[in-house]
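Residues per chain, in single letters:
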Amino acid sequence: EAVIVGKVGLNEHGVGTCINILFGREPATSPDAVPVHVLARAALSCGSLEEAEAVLRGAPRHCHTHLLLADRGGRYRMVEFCGQELAIMGKEHDGAAPPPARAHTN
């Protein structure tokens, strides 16, 4: 998509993002909120999964989106925004076996 600053990507540090836009009951608008594509770009500017998670936690946001963060070590965070609310699920991976498959559906 032209002019989209962030959506699906992988940076030089092995941090990756993937977006699944969700629909909410309330409009996802707020004059001081950061658009979800800019949040994804900010995550791709980070050097680690922990840094990307911290950026998303600290940013003013008002959107309905599931954003998957992952790193080359198999660790991941499933970040879900619903308006101002934020839920994060994730797993640390020990590297002993391939990471388990995960799925998110609407």
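Read on for a plain summary of the structure.

Rules and cut-offs
- Residues numbered from 1 in each chain as written.
- Predicted model: local features only at pLDDT ≥ 70, side-chain atom pairs only at ≥ 80, totals over all residues.
- Heavy atoms only, no water.
- Salt bridge = Lys/Arg side-chain N within 4 Å of Asp/Glu carboxyl O.
- Helix = DSSP H or I, 4+ residues; strand = E, 2+ residues; numbered from the N terminus.
- Buried < 20%, exposed > 50% of the residue type's maximum accessible area, 1.4 Å probe, protein only.
- Core = buried A, V, L, I, M, F, W, Y, C linked by side-chain atoms within 4.5 Å.
- Contact = heavy atoms within 4.5 Å.
- Pairing = 2+ DSSP bridges.

## Quick look at the pattern of salt bridges
- Considering all chains together, one arrives at 4 salt bridges under this definition.
- The partner of R57 in a salt bridge is E53, with the nearest N and O atoms 3.0 Å apart. Highlighted residues: R57 and E53, both in helix α2 (residues 49-58), separated by 4 residues, approximately one helical turn.
- The exposure class assigned to R57 is partly exposed, which follows from its relative accessible area of 49%.
- For E53, a relative accessible area of 13% corresponds to the buried category.
- When the shortest N-O distance is used, the salt bridge between E53 and R77 registers 2.8 Å. Here E53 is found in helix α2, whereas its partner R77 is found in strand β4 (residues 76-83), with 24 residues between them in sequence.

## Comments concerning the nonpolar core
- Core analysis: the largest hydrophobic core is formed by 16 residues, its most contacted members being A52, L56, L67, L69 and F81.
- Elements with a minimum of two residues in this core: α1 (36-44), α2, β3 (63-70) and β4.
- Sort the elements by how many residues they give to this core and α1 lands first, with 4 residues.
- Dropping the residues within four chain positions of it, F81 is found in contact with L39, L56, R61, C63, H64, T65, L67 and L86.

## Observations regarding the pairing of β3
- Buried residues dominate β3, accounting for 6 of its 8 residues.
- The pairing of strand β2 (residues 16-21) with β3 spans 6 bridges and is antiparallel. Across the sheet, residue G16 finds its bridge partner in β3, namely A70.
- Bridge analysis of β3 against β4 gives 8 bridges, and the strand direction is antiparallel. Looking across to β4, one finds that A70 is bridged to Y76.

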